[in-house]
Every structure is written in C-alpha cells, then in structure tokens.
Amino acid sequence: MNLLHELWEALIYFLFPPRCPVCREIVDERYQICSKCAGKILHVDFSNEKFHLIDRVLRVTKYRGGTRDLLRKLKFDNNLRVVPALKKILDDVDRREEILSLLNGIDFVVPVPLHQSRLAERGFNQTEEIFAEWFAKKNLPLKNILIRTVETPRLYSFGKSEREKILSGAFTAVEELDLSGKKILLVDDIFTTGTTCRECAKVLKSLGAEKVFVLAFASDFGKKFDD
Ligand SMILES: [Zn+2]
C-alpha cells in the first residue's frame, strides 16, 4: 500500500511538478515561490514613516510583480487558488525577527473589514483568507469587531487626500467595546497610503486601545521603507 502510494506520488510529481506560482519555474514544494521571485518580493520590514494613530507598520512583501499579480487574482478575479501560495509566503517568514517582535504582546488581531455589499459580491474577505489560518496556528484570535459602514469605490486610483475624504468615518465598532489597555494588530492585504488603517485605528483608539499596530501582506510604499 505504501509503495503504491509512493509510486503514485512520484508519478504525480513527474506529471505535475510543483511550480512557482509567479513565474512557473519548477520548485521543490507545492505553492513555493522560487528563490528568484522571492528575492524580488519578500521584504519583511517596518515602515520608517510615522502614521498618525498607528504605532508601527510592518509589511511582508513589496506590492510588485509576483505579489501584485497574486493579490489581483484574489481580489479582482475572486480566484482563491492563489491563497495557498500567499499562505506559504507567510509560513516562510514565520520566524523572522520583525514578525516575532510585532506579534509579541498582541492581545488580538482585527482584519480590515469589507463593506457588506463588497463581501457579498466577492464572497470572502481576502485579508482573512490570507491570514486567518496563520494566526490560528499562533493562537492569536481574529476578531471582527469593526464594520465598514460606508461603501467606498475601489481606492487604487485615488490619491491620499481623496482617500482621506472618502474614508473619513467609514468604519465603526460592532458594539460599544472597552478596549482599554489592549494591544491590537490590524491586518490588511495591501497598505498604500495608510488611510484605511488609520481610520480603523481611530475607532480602536477611541474605544481605549493602547496600541494599534499594522501588518500588511504587501505594500508599495517603496521609498518610505528601507529599500
Ligand atoms: Zn518564480
């Protein structure tokens, strides 16, 4: 039985070798990003820029090439088949010093919410798809305590000041919560100007949160990070 299983695995491997989800190069493990692509996108580092109400921002990858393609497929084509590759990236950075230092002392994690109608249209919150399992493995609870009350247009074509206008007051808490002394980690798929996360942080801090940190899967804030 075991031998048969092994033969079968070998055959599958031979017929469908694992390929890098970005460039299709053959790799060792399924969903693994090849070293060439990983070198271009993996960039675990804290932002040097200060964002009002946000205590620290850490990104995992640059929002370029490979990550941009994968995230676009997930968000705009509703293609959940890219999720294992994104999760694999998170697993690969798991023990990085920056990640450990960010997660140290966090009480719980809050994913940036989608508006209900966007959620209904897409069928899932992409940020939760990417991060939920990873945080579960770390025993860090994910709490959906924020709601997006204003349906906003897709923001990628808007500049910073327009985003601020559009997003002002767009989030609220599910109920009157006491977050006194809590250290909260906001997670988002893409961090651009920081406006979305800042609006979320505003709500959390108004309820007493002591610290609000941000972990973004990808950020194209290239110049503002150590490049
Ligand atoms: Zn590749």
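Criteria and thresholds
Residues numbered from 1 in each chain as written. Predicted model: local features only at pLDDT ≥ 70, side-chain atom pairs only at ≥ 80, totals over all residues. Helix = DSSP H or I, 4+ residues; strand = E, 2+ residues; numbered from the N terminus. Rg over C-alpha atoms; globule rule 2.2 N^0.38 Å. Buried ≥ 20, exposed ≤ 12 C-beta atoms within 10 Å, placed from the backbone. pLDDT = per-residue confidence, 0-100. Axes fitted to C-alpha atoms, helices over the stretch in contact; angles between N-to-C directions. Left-handed = near helix turned anticlockwise from the far one by under 90°. Contact = placed C-beta atoms within 7 Å. Nonpolar A, V, L, I, M, F, W, Y, C, P; charged D, E, K, R; others polar. Core = buried A, V, L, I, M, F, W, Y, C linked by C-beta atoms within 7 Å.

### Overview of the overall build of the protein
For step 1, the next point in the chain: For the protein, the helix and strand inventory stands at 9 helices and 7 strands.
For step 2, the next point in the chain: Whereas a compact globule of 227 residues would reach a radius of gyration of roughly 17 Å, the protein reaches 19 Å, a difference of no more than 12%.
For step 3, the next point in the chain: Once the C-alpha set of the protein is aligned to its principal axes, its extents read approximately 60 × 35 × 35 Å.
For step 4, the next point in the chain: Residues counted as buried form 30% of the 227 residues belonging to the protein.

### Points about the confidence of the model for the protein
For step 1, the next point in the chain: Taken over all residues, the pLDDT of the protein has a mean of 91, while the share at 70 or more is 97%.
For step 2, the next point in the chain: Across the protein, the secondary-structure element scoring lowest on mean pLDDT is helix H8 (residues 160-167), at 82, and the one scoring highest is strand E3 (residues 108-111), at 98.

### Some words on the packing of H8 against helix H9 (residues 195-206)
For step 1, the next point in the chain: Contact geometry for H8 and H9: axes closest at 9 Å, N-to-C directions at 35 degrees. At the point where H8 passes H9, the crossing takes the right-handed sense. Of H9, the residues touching H8 (which contributes Lys160, Arg163, Glu164 and Leu167) are Thr195, Thr196 and Glu199.
For step 2, the next point in the chain: A class-by-class count of the residues in the contact of H8 with H9 yields 1 nonpolar, 2 polar and 4 charged.

### Let's talk about unusual backbone geometry
For step 1, the next point in the chain: In this structure, tyrosine 31 is a non-glycine residue whose phi angle is positive, near 70 degrees.
For step 2, the next point in the chain: Summarising the element assignment, tyrosine 31 is placed in the loop between helix H1 (2-15) and helix H2 (35-41).
For step 3, the next point in the chain: We note that leucine 53 has phi near 75 degrees; this positive angle belongs to a residue other than glycine.
For step 4, the next point in the chain: Along the polypeptide, leucine 53 turns up in the loop between strand E1 (42-46) and strand E2 (56-62).

### Quick word on the environment of lysine 202
For step 1, the next point in the chain: For lysine 202, the position within the fold is in helix H9.
For step 2, the next point in the chain: Distance in space between the C-alpha atoms of lysine 202 and phenylalanine 171 is 8.9 Å, their sequence separation being 31 residues.

### Observations regarding the nonpolar core
For soluble globular proteins, nonpolar side chains are generally found buried alongside one another.
For step 1, the next point in the chain: Grouped together as the largest cluster of nonpolar side chains are 43 residues, with contacts concentrated most on Leu186 and Val214.
For step 2, the next point in the chain: Put simply, the parts of the chain that give this core at least two residues each are E2, helix H3 (65-76), helix H4 (83-92), E3, helix H7 (126-137), strand E6 (183-191), H9 and strand E7 (211-219).
For step 3, the next point in the chain: Per-element tally for this core: the top contributor is E7, with 7 residues.
For step 4, the next point in the chain: For valine 214, the residues in contact, after removing those within four places along its chain, are Ile54, Val57, Leu186, Asp188, Phe191 and Cys197.

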